[in-house]
Amino acid sequence: MAAVAVQVVEIESLNEQAELSKMSPEEHWKMQHEKMHVKHRGHEAMHAEMVLILIATLVIAQIVLVQWKQRHCRSYNMVTLVQMWVVPLYFTVKLYWWRFLSTWGMFSVITSYIIFRATRKPLSGRTPRMVYKWFLLIYKLSYAVGILGYLAIMFTMFGFNLLFRIKTEDSMDFGVVLLFYGLYYGVMGRDFAEICSDYMASTIGYYTGRGMPSRNLSDDICAVCGQKIFVDLDEEGIIENTYQLSCNHIFHEFCIRGWCIVGKKQTCPYCNEKVDLKRMLNNPWERTHVLYGQLLDWLRYLVAWQPIIIGFVQGINYTFGLE
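Residues numbered from 1 in each chain as written. Predicted model: local features only at pLDDT ≥ 70, side-chain atom pairs only at ≥ 80, totals over all residues. Heavy atoms only, no water.

## Topic: the environment of V66
Alright, step 1. Of note, V66 is situated in helix α3 (residues 44-71).
Alright, step 2. For V66, a relative accessible area of 33% translates into the label partly exposed. (Helix = DSSP H or I, 4+ residues; strand = E, 2+ residues; numbered from the N terminus. Buried < 20%, exposed > 50% of the residue type's maximum accessible area, 1.4 Å probe, protein only.)

## Overview of a negative patch on the surface
Alright, step 1. On the surface, E26, E27, E169, D170 and D173 cluster together into a patch of negative charge.
Alright, step 2. Mapped by element, the contributors of at least two residues to the negative patch are α2 (25-39) and α7 (168-204).
Alright, step 3. With 3 residues, α7 is the single largest residue contributor to the negative patch.
Alright, step 4. Tracing the backbone shows E27 in helix α2.
Alright, step 5. Classification of E27 by relative accessible area gives partly exposed; the value is 44%. (Patch = residues over 30% accessible without salt bridge, like charges linked within 9 Å, V, L, I, M, F, W, Y side chains within 5 Å. Areas by Shrake-Rupley, 256 points an atom, 1.4 Å probe, with all protein chains shown as cover. Salt bridge = Lys/Arg side-chain N within 4 Å of Asp/Glu carboxyl O. Lys, Arg positive; Asp, Glu negative; His and termini not counted. Charge placed at Lys NZ, Arg CZ, Asp CG, Glu CD.)

## With respect to the packing of helix α6 (residues 127-157) against α7
Alright, step 1. Between α6 and α7, the shortest axis-to-axis distance is 7 Å and the interhelical angle comes to 160°. With respect to α7, the axis of α6 lies roughly antiparallel. Classified by chirality, the crossing of α7 by α6 is left-handed.
Alright, step 2. Taken together, the residues of the contact of α6 with α7 break down into 25 nonpolar, 12 polar and 1 charged. (Axes fitted to C-alpha atoms, helices over the stretch in contact; angles between N-to-C directions. Parallel < 35°, antiparallel > 145°, perpendicular 65-115°, else oblique. Left-handed = near helix turned anticlockwise from the far one by under 90°. Nonpolar A, V, L, I, M, F, W, Y, C, P; charged D, E, K, R; others polar.)

## Examining the packing of helix α4 (residues 73-95) against helix α5 (residues 98-118)
Alright, step 1. In contact at an axis separation of 10 Å, α4 and α5 are set at 150° when each is read in the N-to-C sense. Classified by the angle between their axes, α4 and α5 sit roughly antiparallel to one another. For the pair α4 and α5, the sense of crossing is left-handed. Residues W85, P88, L89 and T92 of α4 lie in contact with α5, whose contacting residues are F100, L101, W104, S108 and S112.
Alright, step 2. By residue class, the composition of the contact of α4 with α5 is 6 nonpolar, 3 polar and no charged. (Contact = heavy atoms within 4.5 Å.)

## A word on the packing of aromatic side chains
Alright, step 1. With the rule as written, the count across this model stands at 17 aromatic pairs.
Alright, step 2. On the numbers, 5.7 Å between centres and 75° between planes, the contact of F100 with Y181 is edge-to-face. Note that F100 is positioned in helix α5 and Y181 in helix α7, a separation of 81 residues in sequence. Residue F100 shares its accessibility class with Y181, and that shared class is buried.
Alright, step 3. An aromatic cluster of at least three residues, connected via ring pairs, comprises W85, F100, W104, F107, F180, Y181, Y184, Y185 and F192. (Phe/Tyr/Trp six-rings, centres within 6.5 Å; stacked < 30°, edge-to-face > 60°.)

## Digging into α5
Alright, step 1. With 21 residues, α5 ought to run about 30 Å at 1.5 Å a step, and its terminal C-alpha atoms sit 30 Å apart, in line with that.
Alright, step 2. Within α5 the residues assigned to the buried category are F100, W104, F107, S108, T111, I114 and A118. On an axial view of α5, the arc spanned by its buried residues comes to 135°, and they lie on one face. Among the exposed residues of α5, those pointing more than 90 degrees away from its buried face are M106 and V109.
Alright, step 3. Buried residues in α5 make contact with α4, α6 and α7. (Expected span 1.5 Å × (residues − 1). Arc of directions from axis to C-beta.)

## Quick notes on the nonpolar core
Alright, step 1. Counting residues in each nonpolar core, the largest one holds 52 residues, and the members touching the most others are F135, L245 and F251.
Alright, step 2. When residues of this core are traced back to their parent elements, those giving at least two are α3, α4, α5, α6, α7, α8 (253-262) and α10 (287-304).
Alright, step 3. With 12 residues, α7 is the largest single contributor of residues to this core.
Alright, step 4. The contacts of F251, once residues within four sequence positions are left out, are C222, A223, V224, I229, N241, T242, Y243, L245, I256, C268 and P269. (Core = buried A, V, L, I, M, F, W, Y, C linked by side-chain atoms within 4.5 Å.)

## Description of the layout of surface pockets
Alright, step 1. If you add up the space inside the second largest pocket, you get close to 380 Å³.
Alright, step 2. For the lining of the second largest pocket, the secondary structure elements donating two or more residues are α4, α5 and α7.
Alright, step 3. In terms of residue class, the lining of the second largest pocket is built from 12 nonpolar, 1 polar and 1 charged. (1 Å grid on protein atoms, 1.4 Å probe; cavity = no way out; pocket = protein on both sides within 12 Å on 5 of 7 lines; lining within 4 Å. Points joined across faces, edges and corners; volume = space filled by probe spheres on them.)

## A closer look at the UniProt feature "transmembrane region" (unreviewed entry) in the protein
Alright, step 1. Sites flagged by UniProt as "transmembrane region" (unreviewed entry) map to residues 50-68, 75-91, 97-116 and 137-162.
Alright, step 2. Here residues 50-68 runs as 100% helix and 0% strand, with 27 Å between its end C-alpha atoms.
Alright, step 3. As annotated, residues 75-91 has a helix share of 100% and a strand share of 0%, and its two end C-alpha atoms lie 24 Å apart. (UniProt positions renumbered as here; feature names shortened; annotations may be inferred.)

## Observations concerning the side chain of T57
Alright, step 1. Position of T57 among the secondary structure elements: in helix α3.
Alright, step 2. Polar side-chain contacts of T57 include one of 2.7 Å to the backbone oxygen of I53.
Alright, step 3. Those residues in contact with T57, other than ones at most four positions away along the chain, are I309, F312, V313 and I316. (Polar contact = N/O pair within 3.5 Å; in protein donor to acceptor, adjacent residues only side chain to side chain.)

Encoded structure:
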């Protein structure tokens, strides 16, 4: 009898596998969804407890992170940056996303070299411009790729992909991947640019986060790169447009834009007076960069801390036996 029962179970299993193989992906997903509903029927109280745990954990984590950032901003930014660099790498290796791993590797190698140059003492006169050029390139590329990904998602949601006989799944995946690439590298580039800005400005000596600068700024020196602002024809130096802040300090236009937009600094590199970005960005199209930068700063929380918070919630649910 036992042998007959085993054979019956095996036959039923084979029949079920045959039926699954005939199903479309949508039908298979619907069947799995129905099984999940049957499995969790009557567990409403347990689900309510899980939701309360999630909400309470998110609120507590937000309070802790805000207090940490206010009291120890440097350590908060450093830990957040390390997590943003490592957490996606873990999921990339685990899920075999080799395409992302290749771009992550190239970005890491070049950025590591840029950071190495930015932290050398004495600092080369051309290093600040090289640093800001690299991170400005990353910023603009991430902006363009993110916009392209967003447009691809909208293109799919309105059904335009069907006009070109593109599968909805392929079109949506393409848009989501581009949007993720743009936002992720945009956040990483801004964070690394901020670190490099601090190192370079402190090395040059015209800027310090606290207290007074170690050097006095003369009228013909740019505090961001340490080079002369006005160069004679027979002198070696940088010739470009200048920009004067409301505090009357003058800088190379490229340097001060890199300092404020890419390096996330909204104060004068010398006297720490607040910079009016709206006055600096006269072109309406440029003001979108400020909004994009604010979006990237907000996304840092989702990329760096959200996986850890969710993992912590799952650990609490497992401890209390909640499924």
